[in-house]
Protein chains: 2
Amino acid sequence: MLMTSAQLKPVTYKKTLPSMSLTLPPSPFRDALNDMTPNIAAELLRYGKMRPDVISLAQGEGENVTSPVIQQAAMKALQEGKTFYAPALGLPELRQEIANYTARIYGHDIPTSRIFVTSSGTNAINLCLHSILNEDDDIIAVTPIWKNLIGICEVVNANIIEVGMTLKENRWSLDLDQLFDAVTPKTKAIMIVTPNNPTGWVMSEYEIKTVMEFARARGLWVVADEIYSRCQYGKTHAPSFLDVAEPDDLLYIINSFSKSWAMTGWRLGWVIGPQIAEDKIRDLALYQNMGPPAFTQYGGIAALRYGEEFITQQLNLWTHNRDLITKKLSTMTRITLPEIDATFYAFFKIDGVDDSMHYAREMIDEVGLSLAPGSSFGSQCEGFLRLCFGVSTPRLEDALSRLERMCG
Amino acid sequence: MLMTSAQLKPVTYKKTLPSMSLTLPPSPFRDALNDMTPNIAAELLRYGKMRPDVISLAQGEGENVTSPVIQQAAMKALQEGKTFYAPALGLPELRQEIANYTARIYGHDIPTSRIFVTSSGTNAINLCLHSILNEDDDIIAVTPIWKNLIGICEVVNANIIEVGMTLKENRWSLDLDQLFDAVTPKTKAIMIVTPNNPTGWVMSEYEIKTVMEFARARGLWVVADEIYSRCQYGKTHAPSFLDVAEPDDLLYIINSFSKSWAMTGWRLGWVIGPQIAEDKIRDLALYQNMGPPAFTQYGGIAALRYGEEFITQQLNLWTHNRDLITKKLSTMTRITLPEIDATFYAFFKIDGVDDSMHYAREMIDEVGLSLAPGSSFGSQCEGFLRLCFGVSTPRLEDALSRLERMCG
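Rules of the game
- Residues numbered from 1 in each chain as written.
- Chains lettered and ligands numbered in written order.
- Predicted model: local features only at pLDDT ≥ 70, side-chain atom pairs only at ≥ 80, totals over all residues.
- Helix = DSSP H or I, 4+ residues; strand = E, 2+ residues; numbered from the N terminus.
- Rg over C-alpha atoms; globule rule 2.2 N^0.38 Å.
- Contact = placed C-beta atoms within 7 Å.
- Nonpolar A, V, L, I, M, F, W, Y, C, P; charged D, E, K, R; others polar.
- Least-squares fit on C-alpha atoms with pLDDT ≥ 70 in both.
- Axes fitted to C-alpha atoms, helices over the stretch in contact; angles between N-to-C directions.
- Parallel < 35°, antiparallel > 145°, perpendicular 65-115°, else oblique.
- Left-handed = near helix turned anticlockwise from the far one by under 90°.
- Pairing = 2+ DSSP bridges.
- Domains from an automatic or database assignment.
- Expected span 1.5 Å × (residues − 1).
- Buried ≥ 20, exposed ≤ 12 C-beta atoms within 10 Å, placed from the backbone.

If you had to explain the overall build of chain A to someone new, which residues and values would you point to?
Each helix and strand counted, chain A has 13 helices and 15 strands in total. Over its C-alpha atoms chain A spans a radius of gyration of 21 Å, differing by no more than 12% from the 22 Å that the globule rule assigns to 408 residues. Projected onto its principal axes, the C-alpha coordinates of chain A cover approximately 55 × 50 × 45 Å. When contacts within chain A are restricted to residue pairs at least 6 apart in sequence, those whose partners lie at least 24 apart make up 75%.

Please give an account of the interface of chain B and chain A that cites residues and values.
The partner chain A presents 58 residues to the 58 residues of chain B that form the contact. Looking at the side of chain B that touches chain A, the elements that each hand over two or more residues are helix 1 (31-35), helix 3 (68-79), helix 5 (121-132), helix 6 (147-155) and helix 9 (278-288) of chain B. For the side of chain B that touches chain A, the class distribution of residues is 28 nonpolar, 22 polar and 8 charged.

Quick one: what's the story with the relation of the copies chain B and chain A, residue by residue and with numbers?
Relative to chain A, chain B is turned by 180° and slid 0.0 Å along the rotation axis, the superposed coordinates differing by an RMSD of 0.0 Å. Taken together, these values place the two copies in the relation of a two-fold axis. For chain B, the minimum C-alpha distance to the rotation axis belongs to Met75(B) and amounts to 3.0 Å. Comparing interface residues between copies, 100% of those in chain B also lie at the interface in chain A; the contact surface is shared.

If you had to explain the packing of helix 5 of chain B against helix 6 of chain B to someone new, which residues and values would you point to?
A pair of packed helices can be characterised by two numbers: the angle between their axes and the separation between those axes. All names here are of chain B. In the contact formed by helix 5 and helix 6, the axes pass within 10 Å of each other and the chain directions differ by 30°. Between helix 5 and helix 6, the crossing angle belongs to the class labelled roughly parallel. For the pair helix 5 and helix 6, the crossing hand works out as right-handed. For the pair helix 5 and helix 6, contact is made by Thr122, Ile125, Asn126 and Leu129 and by Asn148, Leu149, Ile152 and Cys153, respectively. For the contact of helix 5 with helix 6, the class distribution of residues is 5 nonpolar, 3 polar and no charged.

Account for the sheet that holds strand 14 (residues 372-373) of chain B, with residues named and values stated.
Read from one edge to the other, the open sheet built from 4 strands follows the order 11-12-15-14 (chain B), with strand pairing classed as antiparallel. The open sheet has two edge strands with one neighbour each: strand 11 (335-336) and strand 14 of chain B.

Before we move on, could you go through the sheet that holds strand 3 (residues 138-143) of chain B and cite the residues and values that matter?
All names here are of chain B. What the 7 strands build is an open sheet, ordered 2-10-9-8-7-3-4; its pairing is mixed. Strands with a single pairing partner mark the edges of an open sheet, and in this sheet they are strand 2 (115-118) and strand 4 (159-164). The average undirected angle you get between the axes of adjacent strands in this sheet is 20°. Sheet topology places strand 3 next to strand 4; 6 bridges connect them, and they run parallel. Across the sheet, residue Ile140 finds its bridge partner in strand 4, namely Ile161.

Residue-level account of the domain arrangement of chain A, with values.
Residue and element names in this part refer to chain A. If you check the domain split of chain A, you get domain 1 (5-17 + 29-65 + 309-407) and domain 2 (68-307). The C-alpha-based centres of domain 1 and domain 2 are spaced at 24 Å. If you list the elements that add at least two residues to the side of domain 1 that touches domain 2, you get helix 11 (308-330) and strand 12 (345-350). Top contributing element to the side of domain 1 that touches domain 2 by residue count: helix 11, with 5 residues.

A description of helix 11 (residues 308-330) of chain B should follow, citing residues and the corresponding values.
Across its 23 residues, helix 11 of chain B extends 33 Å between first and last C-alpha, which sits within 8% of the 33 Å expected from 1.5 Å per residue. Listed as buried for helix 11 of chain B are Ile311(B), Gln314(B), Leu315(B), Leu317(B), Trp318(B), Asn321(B), Arg322(B) and Ile325(B).

How would you sum up the environment of Leu400(A)? Please name residues and give values.
Tracing the backbone shows Leu400(A) in helix 13 (residues 393-407). What Leu400(A) contacts, discounting residues up to four positions off in sequence, is Ile325(A) and Lys328(A).

Next up, the structure:
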């Protein structure tokens, strides 16, 4: 039986205290979990996935399975018996391959002792934030931002200070003065996703340099999520904090195999951090899951070694799809789509929509299209929806027809 | 170049505050990480593994690679393109297979909504403890216990109250009165590993029932690590908290594919918990690593479906090896080995050893044998060493010769 909208939980983003709270039994769970904002986007994603007739472009993945050369490397490792415990920070061979890749693509030599393999990009951010945030520390998050990164901060009970980008001449823009003004004595870190999910915004070299110099002078951490680094249109890679970093900077750069190599189901990522972080991240990883599986890491090695052609193919598809959706949406009068400089997301505003969660749910029910609600990405994103166009062109065309039926 | 003992970090278990602390710069890391006790056993393990001539029986794994039927299931899943995001609490098929297994082996019907697939047994405990412990909560840990479980509590800044088992007539014994007396108003949970790593102790049905009733009456959580459940000698499985549990009990039962199915390198485990925990564990998993890889979970399904013969084979080997080591150690006058009722560990005391860390390091240097130091398992375990005998008999015999050279 299908769930109906009415059976879903109520869409309350901020919790309100029950008026009869004194009569409620105490929760057996950790306070931070009871206080967390609900992940309504994840709930809606599950709702959409329960229905076979729905096209789900709500999640950040395409339709390509992982390339055979990567699959085969993992299978070979399995057959060779790589089924034993691996080091918590990753196989030395994979750490070395990441160092080679970083030198080849970005032109920077990073010692393997500063490279930490993790159980996904999400896990990389989790470990980094867990290594630095105390309860009640402030962390600045440049928004729009993926809700899970906020969730990680909530788990450690840190205060999230949202610095919101704004639209200028149909491009998203970060006001550096506003960012720096948000820093207080309680601020421990600045978290930035560039290229940005969901907006496709790319931080410029000047902005990166300025933020790094500011953070260095103030003793702040920078947590830079660069998992879409290889998805800037017309570029080999986006500008990176690596380009301005000193080895001892309090800087974590997050990366992942999920997007560029179509390895979402592998749960494999990495961090480049300062040398002093190696022991801390190792301890945390040891007590969290002792690192990713052994044989999957050989898939990671193959991806870095043989994956460039696959990345090019993906970018060709995404470029084609980006042009297609840009053209199509320009004909839909209620929709405003800012320029997409990177990523495989279209993040657009629909005129007249003031509850994107409710609207996204209606869209599932009415035309069978599941998109991510803007409100989950930041307070300035109400009225927006995120569509992942990293899928086959026919599927995207079908989705756009449904979108047009809904709000064309 | 090999590291020598002198290059290892000093073996200070409890941190002493530096007398000049005011002049030190503030640490950029989270306070809890700076305050954590060092994981000297893990350091020593890495030290032993760096030397190819060393037999390492310091870690809890054997020499058997994962069985081909399990490997093939994962490879088939890979080839079929199971390389996409999977649900954070595991594939529905695996949750169902765990339910089937629990009914078949333990005789209990658990709905899949109470079964949470995790990225290893360690990860299962991490998620469970993170779901319940606030900073400064007390958690009772029955010791001896694996250091990583203490590390998880340290990460969340909880207070670990150690309740130590003692030796009675050459068997380890838990004093229930002492356990219950340790509970204070700040106590949130009791953590017990049964069958126990490193002692091979097995909690009796009576003890399990009594602890569960006590916890239920006092509103305490029980976190029962039962990952060695299938390793009790002469039994299909050890007594389980499942046998006395009510569906709504504040009880987490931890399990893992690592030991019984020789899948240490797969990082796959599961939890059975109360229904109210499903959303909490899902949120935590979502923000930690979004669950284990998709295709490895098909290996888990095959393990549960076709793995009983492999478990029997492993138990036959372990039984043979247990008898061998018991006989051999009884001839070594400095060594006292308590009865081993379960697991593949021999946890023995060496007369005259009062610094097991130092002694374990000397053993690596002098005879090329790496064992786990007792002191890392609890304050009453100084002078003990843990040896994993889940390896081939010839390898065990070689190790025992080396042990005899060291302390025979």
